[in-house]
Amino acid sequence: MKNFAVQLLLLLISFLLNSRNGIEASTCSNSIDPIKYRIPKEQPYRTSYHFQPPQNWMNDPNAPMYYKGVYHLFYQHNPLAATFGDIIVWAHSVSYDLINWIHLNIALEPSGPYDINSCWSGSATILPGEKPAILYTGIDHYKNEVQNLAIPKNLTDAFLREWEKHPQNPVMTPPTGVEEDNFRDPSTAWHGKDGKWRVIVGAQNGDEGKTILYQSEDFVNWTVNPNPFFATDNTGVCECPDFFPVYINSTNGVDTSVDNSSVRHVLKISYLRKQHDYYFLGKYVSDKENFVPDVEFTGTSKDLRFDYGKFYASKSFFDYAKNRRILWGWVNESDSTQDDIEKGWAGLQTIPRKVWLDKSGKRLMQWPIEEIENLRHKQISITGEKLEGGSTLEISGINVSQVDVEVLFELPELESGDWLEDPSEVDPQLLCSKQHASRSGKIGPFGLLALASKDLTEETAVSFQIFRASNRYLCLMCSDQSRSSLRNDLDKTTYGTIFDIDPNLKTISLRTLIDKSIIESFGDGGKAVITSRVYPLLAIEKDAHLYVFNNGSQSVVISKLNAWSMKQAEIGHEGNINCA
Ligand code: DQQ
C-alpha cells in the first residue's frame, strides 16, 4: 500500500514537472533495454537525499550544466548491472534545484565505430547562441580512446532529451606521445582571447601523466598543442581534468573562459593510481598554453584534495543562474560487489558543493549548496553546553539516519593543545587510523559519533584534535570508520587531514550530512571535507543514534548546535531508465 502511494506520488511529480514544460513523457525508445526495476524492499543503505540512479551502477558525474532554467546531470552508467560494465552509457537527469530530480532516457549510448565499446566521461560547454555541446570519450572498435562531439537534437526541448553525434566523429584521436588506451575525459572548453576554443584531455605515456591541450575555431576541427598543458612524473594517467578560474576576492563563481587579474586558476586531476582528486592553484600562462601550479605535486598527504575520504572523478560547472561554481563528485561503495548486486545499485554523487577560493589564496573552500536546506524539517538546537573530557551527549528527537547537523565548538586556549614536533612529517590519515577517536588528547578528539548504535558498538567518529607546533596551530580532522559496522567484510579505511588554523581561533565548526550510508563532513567552514561510506548492522533507520563527544582532557563548549531531519528528495522518472 505504502509502495503504491509512493509510486503514485512519483508519477504525479513526474507529470507535474513535465507539464511545466508542456512536454509529453517519452517512451522506452533507446536500444539498450535495462533489466526490470529490482531494488530489494529492504534498503537501509539507499540514500534519501543524495543523487542515485533508480537502479544499477553509476560512476563519474558528466557534463553538469545549467541551461535555460534547468540543471542537467549526466553520469557514467551501466544500465544492465550494479557493477562497472563492458558497455557504459551516459544516463541523464534534470532538476530545477539540484536536489529533486527527474530521471530521463539514456542520452548517449554506443552507436558508431568511434564509441561502439562505451561512452566514457566528458563535459559540456555552452557555445555562442546558447548552444550546448558535449565532448566525450568514445571507446572505439579497436578499443582505443577517442574524443567525440554531440549536440542536442532539439534546442526547444527544455530537458535536452536527445543528443546527436557529429558526423565528423571522432574529433580527436590519440596524438603522438599518448597511449591509445589512455587518452580520455575532455574538460569543459574555454574561449581564448584570440577567439579560439581550448579544451584539455587526460592522458598517459608510461609513468608520465599529462593533460593535452587542443584548440579549435569551430568546435569540430581540433589541433593538438605539441607541449602538454600540465604533466607529472610517476603518476600514471590523469583522469577527468577540470580547469576553471576562481575569483581572488569573492565567493562568487566565474565563467570558465574568464582570464584576467581578478582570477586565479585551478586544475583538478583525478589520479587513477591514487584514486583521489587533487587540485592545484596556479597560473594559466595563456601565451604558452600551459598551467604552472603554485606548488608541485608531491604524491604525499601534503597535496591538496577536494575531499580526504571517498570521492573521485569530480566535475565542476559555472551556475550562471546564481553566480556560483558547483562541484559534483562520485562516491563509490565500501561494501563488496556481491553486496552491490544484492542491493541492485552502486555509486552515489555527493551533495553538490559551492566552491570558492579561501581568503588566504592557498586553498579552496566548499559548502553544500543552499538548496539542500529546503529539505530540513524537524529541528533540534543546543546552545552553551559544556562537554567535559570523556563525555557524550545524545542528539535525539529527530531522524538521525538522514540529518544535517551543524555544530560550533568553543575551544579552550590553543596553547593547551598537544605538541606536534614536526607537522611536515605527519601523515594525517595514518595518525587518525593509528589511534581510534576514543584516545584522549588535550584539545580533542571531539566531534560527532554518527550512525551509532545505542551501545556504541557501532559508530563513525568525525573528530577534530588541536595541535600546537612551533609558530603555528593545526587541526587534525578524522573520519574513523574502524567501528562503523559490526561487519568485517567492508572497506573501513579511516580518513584524515590536517590543516593550519588561525592562532586566534576561538571556535571551530563541523557540518555533517548523514544519509543512511554516507557521511559528508565539512570542517572549519568548508576548509577540509571528508566523505565516508558506512554500512552499520545495528545503527540503521530508527535504531541509529547521534552523539556529540569529547575525549580530550580539556572541556569544549557546544556554543551552538542545530540538527535537522532531512526530508526525502523527490525523484521522478521518465523514459526507459526505469521501464521494463
Ligand atoms: N571513468 C570513466 C573514464 C574515466 C574514469 C569510465 C574515471 O572516462 O577516466 O567510466 O572514473
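Note that the structure is a prediction, hence the values are computed from the model and not measured.

The rules we used
Residues numbered from 1 in each chain as written. Predicted model: local features only at pLDDT ≥ 70, side-chain atom pairs only at ≥ 80, totals over all residues. Heavy atoms only, no water. Disulfide = S-S within 2.5 Å. Helix = DSSP H or I, 4+ residues; strand = E, 2+ residues; numbered from the N terminus. Buried < 20%, exposed > 50% of the residue type's maximum accessible area, 1.4 Å probe, protein only. Pairing = 2+ DSSP bridges. Axes fitted to C-alpha atoms, helices over the stretch in contact; angles between N-to-C directions. Domains from an automatic or database assignment. Contact = heavy atoms within 4.5 Å. Buried area = accessible area lost by both parts, 1.4 Å probe. Salt bridge = Lys/Arg side-chain N within 4 Å of Asp/Glu carboxyl O. Polar contact = N/O pair within 3.5 Å; in protein donor to acceptor, adjacent residues only side chain to side chain. Nonpolar A, V, L, I, M, F, W, Y, C, P; charged D, E, K, R; others polar. Near = heavy atom within 4 Å. Areas by Shrake-Rupley, 256 points an atom, 1.4 Å probe, with all protein chains shown as cover. Phe/Tyr/Trp six-rings, centres within 6.5 Å; stacked < 30°, edge-to-face > 60°. Lys NZ or Arg CZ within 6 Å of the ring centre and 35° of its normal.

Undergrad: Lay out the state of the cysteines in plain terms, naming residues and giving numbers.
TA: According to the stated counting rule, one finds one disulfide in the structure shown. Each sulfur of the disulfide joining Cys432 and Cys478 lies 2.1 Å from the other. Classification of the bridge connecting Cys432 and Cys478 rests on its S-S torsion, roughly -75°, and on that basis the disulfide is left-handed. Placement of the pair is Cys432 in helix H3 (residues 428-434) and Cys478 in strand S31 (residues 472-480), with a sequence separation of 46 residues. Cys478 matches Cys432 in its accessibility class, with the two residues each being buried. Left without a disulfide partner, Cys119 is nearest to the cysteine sulfur of Cys240, which lies 15 Å away. Accessibility expressed as a relative area gives 0% for Cys119, which makes it buried.

Undergrad: Please set out the sheet that holds strand S8 (residues 163-165) residue by residue, giving values where relevant.
TA: Read from one edge of the open sheet, four strands run S5-S6-S7-S8, paired in antiparallel fashion. The open sheet terminates on both sides in strands that have one partner only, identified here as strand S5 (119-127) and S8. The mean inter-strand angle of the sheet, taken between neighbouring strand axes irrespective of direction, is 30°. Bridge analysis of strand S6 (residues 131-139) against strand S7 (residues 145-152) gives six bridges, and the strand direction is antiparallel. Considered in S7, the bridge of Tyr136 is made with Asn148.

Undergrad: Please provide a residue-by-residue account of the domain arrangement of the protein chain, values included.
TA: Split by domain assignment, the protein chain resolves into domain 1 (2-366) and domain 2 (371-566). Facing 36 residues of domain 1, the contacting portion of domain 2 comprises 39 residues. Carbon and sulfur atoms make up 52% of the area that domain 1 and domain 2 hide from each other, which totals about 3,200 Å². Across the domain 1-domain 2 interface, the total number found is six salt bridges. Linking Lys322 and Glu371 is a salt bridge whose minimum nitrogen-to-oxygen distance equals 3.0 Å. The interface formed by domain 1 and domain 2 includes 26 residue pairs in polar contact (both at pLDDT 80 or more). Elements that contribute at least two residues to the side of domain 1 that touches domain 2 include exactly strand S20 (324-331), helix H2 (337-343) and strand S24 (364-368). With three residues, S24 is the largest single contributor of residues to the side of domain 1 that touches domain 2. Taken together, the residues of the side of domain 1 that touches domain 2 break down into twelve nonpolar, ten polar and 14 charged.

Undergrad: I'd like to hear about the site of the ligand, residue by residue, with values.
TA: If you check the shell around the ligand, you find Asn59, Asp60, Gln76, Phe84, Trp120, Ser121, Arg184, Asp185, Glu239, Tyr312, Ala313 and Trp330 and nothing else. Interatomic distance of 2.7 Å between a side-chain N/O atom of Asp60 and a nitrogen atom of the ligand. Note that an oxygen atom of the ligand is positioned 2.5 Å from one of the side-chain N or O atoms of Asp185. Summarising the interface, the protein chains cover 94% of the accessible area of the ligand, which totals 310 Å² for the free molecule. Residues belonging to the shell around the ligand are distributed by class as follows: five nonpolar, three polar and four charged.

Undergrad: Before we move on, can you summarise the packing of aromatic side chains with the specific residues and values?
TA: Scanning the entire structure with this criterion turns up 38 aromatic pairs. Aromatic side chains Tyr271 and Phe297 sit 4.7 Å apart centroid to centroid with 35° between the ring planes, which places their arrangement in the tilted category. Highlighted residues: Tyr271 in strand S16 (residues 263-271) and Phe297 in the loop between strand S18 (290-293) and strand S19 (312-319), separated in sequence by 26 residues. Accessibility classification places Tyr271 together with Phe297 in one group, the buried group. Geometrically, the ring pair formed by Tyr278 and Phe297 is edge-to-face, given 5.0 Å between the ring centres and 80° between the ring planes. Linking Tyr278 in strand S17 (residues 276-285) with Phe297 in the loop between S18 and S19, this pair joins segments that are 19 residues apart in sequence. For the pair Tyr278 and Phe297, one class covers both residues: buried. Ring-pair connections join several aromatic residues into one group, and the members of that group are Trp190, Phe229, Phe230, Phe243, Tyr271, Tyr278, Phe280, Tyr284, Phe291 and Phe297. The residue whose ring lies beneath Lys343 is Trp345, and the NZ or CZ to ring-centre distance is 4.4 Å. Sitting above the plane of the Trp564 ring, Arg376 keeps its charged end 3.6 Å from the centroid.

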